[in-house]
Amino acid sequence: MAAGLRKRGRSGSAAQAVGLCRQWLHRAWQERRLLLREPRYTLLVAACLCLAEVGITFWVIHRVAYTEIDWKAYMAQVEGVINGTYDYTQLQGNTGPLVYPAGFVYIFMGLYYATGQGTDIRMAQHIFAVLYLATLLLVFLIYHQTCKVPPFVFFFMCCASYRVHSIFVLRLFNDPVAMVLLFLSINLLLAQRWGWGCCCFSLAVSVKMNVLLFAPGLLFLLLTQFGFRGALPKLGICAGLQVALGLPFLLKNPVGYLSRSFDLGRQFLFRWTVNWRFLPEALFLHRAFHLALLAAHLTLLLLFALCRWHSTGESILSLLRDPSKRKVPPQPLTPNQIVSTLFTSNFIGICFSRSLHYQFYVWYFHTLPYLLWATPARWLTHLLRLLVLGLIELSWNTYPSTSCSSAALHVCHAVILLQLWLGPQPFPKSTQHSKKAH
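Predicted model, so just to flag it, every value in this text is computed and none were measured.

Undergrad: Explain the overall build of the chain to me, please; I cannot follow it from the model alone.
TA: If you tally the helices and strands in the chain, you get 19 helices and two strands. Taking 438 residues into account, the globule formula puts the C-alpha radius of gyration at 22 Å, and the chain, at 23 Å, falls close to it. Principal-axis analysis of the C-alpha atoms places the extent of the chain at approximately 65 × 60 × 50 Å. Taking the contacts inside the chain whose residues are at least 6 apart along the sequence as the reference set, 77% of them involve residues at least 24 apart. Accessible surface for the chain amounts to roughly 20700 Å². Of this, 67% is attributable to carbon and sulfur atoms. Across the chain, the 37 positively charged side chains and the 14 negatively charged ones have centroids separated by 12 Å.

In structure tokens form, the structure reads like this:
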């Protein structure tokens, strides 16, 4: 009798869930004109797009030719570690030395075994297809929580980008692996799981160093939320994980490991640049140009931190204090404050990168809808924002890059930066002042 009651309870709850789903779909159909414009329908549109992406990605894998670029080099580098070489200066592939941190080695070691020592390309493509769908899911969860971007924009973020599909399933670069871990980290931060979020962030850095472009934003958020002393354990998690992952290589040749996997002075080839094609090659390679970009990058980060992110009326040094001892005690960070700070930090780094290669597109591709639509601007209509997205996509799909494509990319970046600077602050002053008065 008890078993029968349990069965009735389960069937009743299932029927109730089905009924709620039907009501929700019926309401969505009645409001179908708002379906593509209202952010509250993000999850419904996301579900439809993810289903479409399953078919599109499968079609791309089976109909478009795979192009070998770095996969064999990855496998050769990992194979060296499997064979017992832990000196990073001795690990080589057919495209050059191993220049990625230890997390890359462990993850691609797993792919090495899963793909028959790297020979089963089709299996690798299907794994990266799953990785692509996981990335979309994590990105949609972020957009659902921020509730800023109209769902029609997600079509351009999914089905309309040839370059991104190519990077994931036709080139098998390591950049997507780093980014899926980064988006997992952001979801954990949004859930107020700061320790786990920092752990996943560090794991993403251990796959590819570009994730460090988000680090200034993350540091600002940690100081805002916890103060200097409170942030130290979280920063310790990031540092400790890097040491733990790199320990076998650090014990063998610490200088070789650090100089190869975290080489900030690495020189890029002019032939592959997407963003600086209009410059003379001599200027592109000149150290003074690199230092000027670094200075501009740091200056703009400082300006955003002082004028956009920090707006309590106190000195920015107040972030170093314990939150309970500040004149304006901090409130829990909202999803938009977290996402805006992290995405803006990364985007500033992209704008002043010494060089962008084609696979680097995924470093910020999925953040572009938020950067364009989260900040209201009367002068930037939906049509103009779509035009910016289209020009960026066109610039990244122009191969080889031209002076015009590089210039167009910089103009689009400048438009986004201007909107981020002129738009409403993610940390509004009025809110802080009213709380202080209360």
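Undergrad: Could you clarify how one ought to interpret the UniProt feature "transmembrane region" (unreviewed entry) in the chain in this entry?
TA: As annotated by UniProt and renumbered to match this structure, "transmembrane region" (unreviewed entry) occupies residues 41–61, 98–115, 127–146, 177–195, 201–223, 288–307 and 360–379. Taken end to end, residues 41–61 comprises 95% helix and 0% strand; its first and last C-alpha atoms sit 30 Å apart.

Undergrad: I'm lost on the nonpolar core in this one. Help?
TA: What tends to happen in soluble globular proteins is that the nonpolar side chains get buried as a cluster. One finds Phe-108, Phe-343 and Ile-392 to be the most contacted residues of the largest nonpolar core, which totals 128 residues. In terms of residue count, helix 6 (residues 121–146) provides more of this core than any other element does, eleven residues in total. Contact partners of Phe-343, with chain neighbours within four places excluded, come to Ile-142, Phe-183, Ile-186, Phe-214, Thr-367, Tyr-370 and Leu-371.

Undergrad: For this particular structure, what's the right way to read the environment of Trp-421?
TA: Looking at where Trp-421 falls in the secondary structure, it is placed in helix 18 (residues 403–422). A C-alpha to C-alpha distance of 32 Å links Trp-421 and Leu-133, two positions 288 residues apart in sequence. Beyond its immediate stretch of four places on either side in the chain, Trp-421 contacts Leu-303, Phe-304, Cys-307 and Arg-308.

Undergrad: Explain the side chain of Glu-393 here, please?
TA: Position of Glu-393 among the secondary structure elements: in helix 17 (residues 382–397). Despite its burial, Glu-393 pairs with no opposite charge; the closest candidate is Arg-163, at 6.6 Å N-O. If near-sequence neighbours (up to four positions away) are discounted, Glu-393 is found in contact with Ala-160, Ser-161, Tyr-162, Arg-163, Tyr-361 and Phe-365.

Undergrad: Got a minute to help me understand the packing of aromatic side chains in this structure?
TA: The geometry of an aromatic ring pair is captured by the separation of the ring centres together with the interplanar angle, meaning the angle of the planes. Here the structure, examined in full by the defined rule, presents 36 aromatic pairs. For the pair Trp-71 and Phe-128, a centre-to-centre distance of 6.4 Å together with 85° between the ring planes defines the contact as edge-to-face. Of the two residues, Trp-71 is situated in helix 4 (residues 71–82) and Phe-128 in helix 6; the sequence distance between them amounts to 57 residues. Per residue, the accessibility class of Trp-71 equals that of Phe-128, and both read buried. Both rings, one in Phe-249 and one in Tyr-257, keep their centres 5.8 Å apart while their planes meet at 10°; by these two values the pair is stacked. In terms of burial, Phe-249 and Tyr-257 fall into one category: buried. Within the aromatic cluster, the residues linked to one another by ring pairs are Trp-71, Tyr-74, Tyr-100, Phe-104, Phe-108 and Phe-128.

Undergrad: Any chance you could explain the side chain of Ser-353 here in plain terms?
TA: Checked against the element boundaries, Ser-353 lands in the loop between helix 15 (335–351) and helix 16 (368–373). On the accessibility criterion, Ser-353 (10% relative accessible area) is buried. Within the structure, Ser-353 has its side chain in polar contact with the backbone oxygen of Gly-349 (distance 2.8 Å). If near-sequence neighbours (up to four positions away) are discounted, Ser-353 is found in contact with Asn-275, Trp-276 and Leu-293.

Undergrad: Explain helix 17 to me, please; I cannot follow it from the model alone.
TA: Residues lying three or four places apart along an α-helix face the same way, a consequence of the helix completing one turn every 3.6 residues. Helix length check: helix 17 (16 residues) gives 22 Å between terminal C-alpha atoms against 22 Å at 1.5 Å per residue, within 8%. Where helix 17 is buried, its residues meet helix 7 (153–157), helix 8 (162–170), helix 16 and helix 18.

Rules behind the numbers
- Residues numbered from 1 in each chain as written.
- Predicted model: local features only at pLDDT ≥ 70, side-chain atom pairs only at ≥ 80, totals over all residues.
- Heavy atoms only, no water.
- Helix = DSSP H or I, 4+ residues; strand = E, 2+ residues; numbered from the N terminus.
- Rg over C-alpha atoms; globule rule 2.2 N^0.38 Å.
- Contact = heavy atoms within 4.5 Å.
- Areas by Shrake-Rupley, 256 points an atom, 1.4 Å probe, with all protein chains shown as cover.
- Lys, Arg positive; Asp, Glu negative; His and termini not counted.
- Charge placed at Lys NZ, Arg CZ, Asp CG, Glu CD.
- UniProt positions renumbered as here; feature names shortened; annotations may be inferred.
- Core = buried A, V, L, I, M, F, W, Y, C linked by side-chain atoms within 4.5 Å.
- Buried < 20%, exposed > 50% of the residue type's maximum accessible area, 1.4 Å probe, protein only.
- Salt bridge = Lys/Arg side-chain N within 4 Å of Asp/Glu carboxyl O.
- Phe/Tyr/Trp six-rings, centres within 6.5 Å; stacked < 30°, edge-to-face > 60°.
- Polar contact = N/O pair within 3.5 Å; in protein donor to acceptor, adjacent residues only side chain to side chain.
- Expected span 1.5 Å × (residues − 1).

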